Amino acid sequence: MVFAAPNEALARAREVLDSDPSPWDASVAHQVIGIWQRDWGDLRIALHHLRLARDLAARAQSPDREADVLAALGVALVHAGRTRQGLAALERGVAVSGGHTRARVLFRRAYASWVLGRHREALEDVRRSIPVLRQAGDVIWTARALTLRATVHLALGAVDRAEADFTAAEALWDTTGQEHDKADAVESRGLAAFRSGDIPAALRLLDEAAERYAELGTPTFMLTIRRCEVLMAAGLAPEALAEADAAIGVLDGIGGQSTRKAELLLVAARAARLAGDPHTAIARAAVAVRLFAGQRRSWWETHARLVLIEARVTTGRGSGRLVADAAAVADRLASFGAPAAPEASLLAGRIALGLGWTADAERHLAIAARSRHGGPPLARMTGWAAQALRARAAGSGRGVLEACRRGLDVLDDHRMTLGASELRARATAQGAELAGLAQRASLDSGGPRRLLVWSERWRATVLSAPPTRPPADPTLLSGLTAFREIAARAEAARQDGRPVPALERDQRRLEREIRSRTLHIRGDVPGEGSRFDPARLLARLGDEVRLVELAVLDGRVHVLLCGQGRVRRFEAGLLAEAETEAEHVQAGLRRLAHPGAEARRPVVEAAGRRLEELLFGPAAAHLGGGPLVVVPPGRLHRVPWALLPSLRERVFSVSPSAGSWLRARETASPPGGRQVLVRGPGLASGGAEVPELAGRYGGSTVLEHEGARVPRVLEELDGAALAHIAAHGTFRADSPLFSSLRMADGPLIVHDFERLDRSPYRIILSCCDTARFASVGADELLGLVTALLPLGTAGVVACSAPVNDEAVVPLMLALHKGLSAGLSLAEALRDARTALPGDATHQATGWSFSAFGAA
């Protein structure tokens, strides 16, 4: 019962102890309490009860009873870090038992061996136990043994064997009432899905297991460890670090298993390293190494040492000692049959290369490169990264490019199994090293055109295909509706000055549920389609249009100027300096949005001149006089491009990549030419441009007041030729896909836009912060604009800074005047800026808006 209804079993055991039981019955009751405390409570209490159970079993003169308790006690001692005592108790249990009971004890010893990382010993014990358990008709323990054997197979990288055992175990669990074991089976299938590379299925199954555990009221530390592993593979390392640290706090609070604490510390260390926090990673990994060593868990200790070395290298350390340490870790991992062994060999090779030890580097990299031909996607990526570094050390530019191409192809296939745009974007971080190696090789061995190809290869790839929509998921739809209602109530309470902590808690809970549902969606797009072709781009640009792509190599901006049938390269400034200057400009624009800041205008304009020098360098003199397309890296998304002197009076648009500009240019306007005008609540100007635009566009659909509710707005936006939305915009840096536009019934968020079959061909967002993005992955952007571009929108006008609502009105009216005359968004926006009054507030408003895409 303790694994079917844990809390009920605990209560029943206490009732037995209150009823003057026999030694045999008392032994069972104390064992139940001990198991409950061992797995979900305080280990000190667990050990007390299990020792009482052992002594009572001896008084009952039942060798099988004593053996069963010794097995439970042995596992508890191992979890407490008392490995030698725990294994001795398990040995004694095997010695005093026979037949069916011995098979159960062997299973528990196999489990202890798995906890210790002694996988071959675990397989041997579980192999001996399964036939006896089956012959005895012991369904529950047979299912447990199959589940354990599958888990050990996963640790050794044998995914197919694991899945076969999990399937057999699940069929047995379906015939029992063991609810905790059933939840564990779902968790195990999630782990198998992860090991086979199916991240959406892994997240879905782990979340389902968490719901089952929650119904039983039991803590789930192992589930947290596994979920953190999946989150890290999905590019969500900061979330994994937060979850692992929170679980460590809970575990410490209840006096729980020290083995689980060590594993959680290891997960936290890996997450911190991936999140760019090497010092936290070093601190967590060092404690994990000490704990694993004290627990005699060599397999785990070696994995922790790998993370410790990786984190030290990230801080800039490189030494012969670290090469030797990494090589020793690689050898130990290989001897264990651990799938992480190639990662350690790659690390040793990378450090050796940095020291100029080419012979040592070649030896380690050759070992790591073997993994490129098989295994999960990320293991193959490790192999191709090693092969690329080997080629670079050998001076083979062609070999570098071939290895990078093959590795990024693997990652492409993996990314397209992910349905959520957020996961696709974050997954690109796995390919950042390969993309960087290819760009450097292109710069060394090829012309600007080759560098352009590789700059495009891993830029804004999330925009290459729309996110996968769930098939009318009622849970997701009801969650979005509930979220909108709660958010609207919270906003109304804030405006009234009322406290909103309860509403904010509900809002955060609903956000987590919505995001969780979207992350479960599996991709349904088979591949990336056609590769980027520079000749096609140059043909589409013609002689008049120029495209400027800003590539970043080793921290410096390289300008690739495309047009008139050729690609030219110029070196500009340092990316870090440009980012700092862009932040200064943003601060200046925020000041200019308010009247009375005229004196700041020269300072902002001077910053614009410095930005141009840093971003364009000598290329600024070669831009010509025709339309310009600017393709910046993700880290420069905050730049107000209209402030740069060479762009102030010209037609220009911004695009996340040259490929996405081409797709936008070749996107046809939908038939019918419907116009939709939306006016949200609470604008200082009242959205004053909307009534005037309604008069200009006869027959347009106008949604305002109570008519501007999210379901109706989405219905009208779908497939429209032109949409103008005047509404308050909110950018969420912490969760960019919850960035929103305020409608009458609450926020219209990015997840809502992703449900459109086809977003408007042209869309104008006349509100603050609608062109702000979160830069994630290798070079990806998440935000309102980037949600629209893959869904059929060819052009967007949006704002990258807070603006004066009233100053927006004349800009928007002038913009639509140009559109009515047949101009593109970029042309109409240029003309609208020149038509504004000359005061600082209106000029800053014009500078804050940009045209994105090609419509």
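Predicted model, so just to flag it, every value in this text is computed and none were measured.

Criteria and thresholds
Residue numbers here run from 1 along each chain, matching the order of that chain's written sequence. Only residues with pLDDT of at least 70 are given local features in this predicted model, and only at 80 or more are side-chain atom pairs given and counted; all residues enter the totals for whole chains, interfaces and linings. Side-chain measures here rest on the full set of heavy atoms in the structure, leaving out hydrogens and waters. All axes here are fitted lines through C-alpha atoms, helices being fitted over the stretch that makes contact, and every angle between N-to-C directions spans 0 to 180 degrees. What counts as a helix is a DSSP run of H or I of at least four residues, what counts as a strand is a run of E of at least two, and both are numbered from the N terminus. The labels follow the angle: roughly parallel below 35 degrees, roughly antiparallel above 145, roughly perpendicular from 65 to 115, and oblique for the rest. Should the near helix be turned counterclockwise from the far one by less than a right angle, the crossing is left-handed, whereas a clockwise turn marks it as right-handed. What makes two residues a contact is simply this: any of their non-hydrogen atoms within 4.5 Å. Three categories are distinguished: nonpolar for Ala, Val, Leu, Ile, Met, Phe, Trp, Tyr, Cys and Pro, charged for Asp, Glu, Lys and Arg, and polar for the others, with Gly belonging to the last. An expected span of 1.5 Å times one less than the residue number is assigned to each helix. The classification of residues rests on relative accessible area computed with a 1.4 Å probe and restricted to protein chains. Under 20% of the type maximum is buried, over 50% is exposed, and intermediate values are partly exposed. Counted as a polar contact is a pair of N or O atoms within 3.5 Å, where, for protein atoms, one must be capable of donating a hydrogen and the other of accepting one, and residues adjacent in sequence contribute only when both atoms are in side chains. Planes of paired rings set the category: under 30 degrees apart is stacked, over 60 is edge-to-face and the rest tilted, where pairs are Phe, Tyr or Trp rings (Trp by its six-membered ring) whose centres lie within 6.5 Å. Working rule: Lys NZ or Arg CZ, within 6 Å of ring centre, within 35 degrees of ring normal, means a charge sits over the ring. Here, a salt bridge means any side-chain nitrogen of Lys or Arg that lies within 4 Å of a carboxyl oxygen of Asp or Glu. We call a set of buried Ala, Val, Leu, Ile, Met, Phe, Trp, Tyr and Cys residues a nonpolar core when their side-chain atoms join them within 4.5 Å. The criterion for strand pairing is that DSSP finds at least two bridges linking the strands in question. For crossovers, right-handed means that the path from the first strand over the helix to the second runs clockwise, given strands pointing away from the viewer.

(A) Spatial organisation of the packing of helix α2 (residues 23-40) against helix α3 (residues 43-59). One can describe the packing of α2 onto α3 by two numbers: an axis separation of 7 Å at closest approach and a directional angle of 160°. Here α2 lies roughly antiparallel to α3, going by the angle between them. For the crossing formed where α2 meets α3, the hand is left-handed. Of α3, the residues touching α2 (which contributes P23, A26, S27, H30, Q31, I33, G34, I35, Q37 and R38) are L43, I45, A46, H49, L50, L52, A53, L56, A57 and R59. Along the lines of polarity and charge, the residues of the contact of α2 with α3 split into 12 nonpolar, 6 polar and 2 charged.

(B) Representation of helix α35 (residues 805-820). Relative to the 22 Å expected for 16 residues at 1.5 Å per residue, α35 spans 23 Å between its end C-alpha atoms, a close match to the ideal helical length. Every buried residue of α35 is listed here: D805, A807, V808, V809, L811, M812, L813, L815, H816, G818 and L819. The opening residue of α35 is N804, an N-cap whose side-chain oxygen sits 3.0 Å from the backbone nitrogen of E806.

(C) Quick peek at the packing of aromatic side chains. Summed over all chains, the structure comprises 9 aromatic pairs. Both rings, one in F616 and one in W641, keep their centres 6.4 Å apart while their planes meet at 20°; by these two values the pair is stacked. Here the residue F616 occupies a position in helix α29 (residues 601-616), and W641 occupies one in the loop between β4 (628-631) and β5 (652-654), the gap between them amounting to 25 residues. Per residue, the accessibility class of F616 equals that of W641, and both read buried. These aromatic residues form a ring-pair network of at least three members: F3, W36 and W40. A cation over a ring is seen here: R65 above W24, with NZ or CZ 5.4 Å from the ring centre. Against the face of W384 rests R372, its NZ or CZ located 5.3 Å from the ring centre.

(D) Looking closely at the pattern of salt bridges. Under the counting rule described, the total for this entry stands at 65 salt bridges. Here R459 ties to E549 by a salt bridge, and the two come within 3.2 Å at their closest N and O atoms. Here the residue R459 occupies a position in the loop between α24 (448-457) and α25 (474-495), and E549 occupies one in strand β1 (residues 546-553), the gap between them amounting to 90 residues. Under the relative-accessibility criterion, R459 is labelled buried at 4%. Residue E549 is classed as buried on the basis of its relative accessible area of 0%. Taking the shortest distance from any N to any O, the salt bridge between D734 and R732 comes out at 2.8 Å. With a relative accessible area of 59%, D734 lands in the exposed category.

(E) Here's a closer look at the nonpolar core. With 157 residues, the main nonpolar core has V2, W114, L148, I199, L333, C404 and L423 as its most contacted residues. With 10 residues, the single largest contributor to this core is helix α6 (residues 99-116). With residues near it in sequence (within four places) discarded, I199 still touches V230, A233, A234, H414, L418 and L423. A642, I725, L741 and L789 belong to the second-largest nonpolar core, a separate cluster that totals 75 residues.

(F) View of the packing of helix α17 (residues 320-336) against helix α18 (residues 341-355). Where α17 contacts α18, the axes come no closer than 8 Å and their chain directions differ by 160°. On the basis of their axis angle, the class for α17 and α18 is roughly antiparallel. α17 and α18 meet at a crossing whose hand is left-handed. Facing G320, L322, V323, A326, A327, V329, A330, L333 and A334 of α17, the residues of α18 in contact are A341, A344, S345, L347, A348, I351, A352 and L355. Among the residues forming the contact of α17 with α18, the class breakdown is 15 nonpolar, 2 polar and no charged.

(G) Main features of the pairing of strand β6 (residues 675-679). Most of β6 sits inside the fold, with 4 of its 5 residues counted as buried. Taken together, the 5 bridges between β6 and strand β8 (residues 722-726) define a ladder with parallel strand orientation. From the neighbouring strand, V676 faces β8, where its bridge partner is A723. Looking at chain direction, β6 and strand β7 (residues 701-704) are connected through 4 bridges and run parallel. In the sheet register, V678 faces β7, and the bridge partner there is L703. Each parallel crossover has a hand, and for β6 linked through helix α31 (residues 689-696) to β7 it is right-handed.

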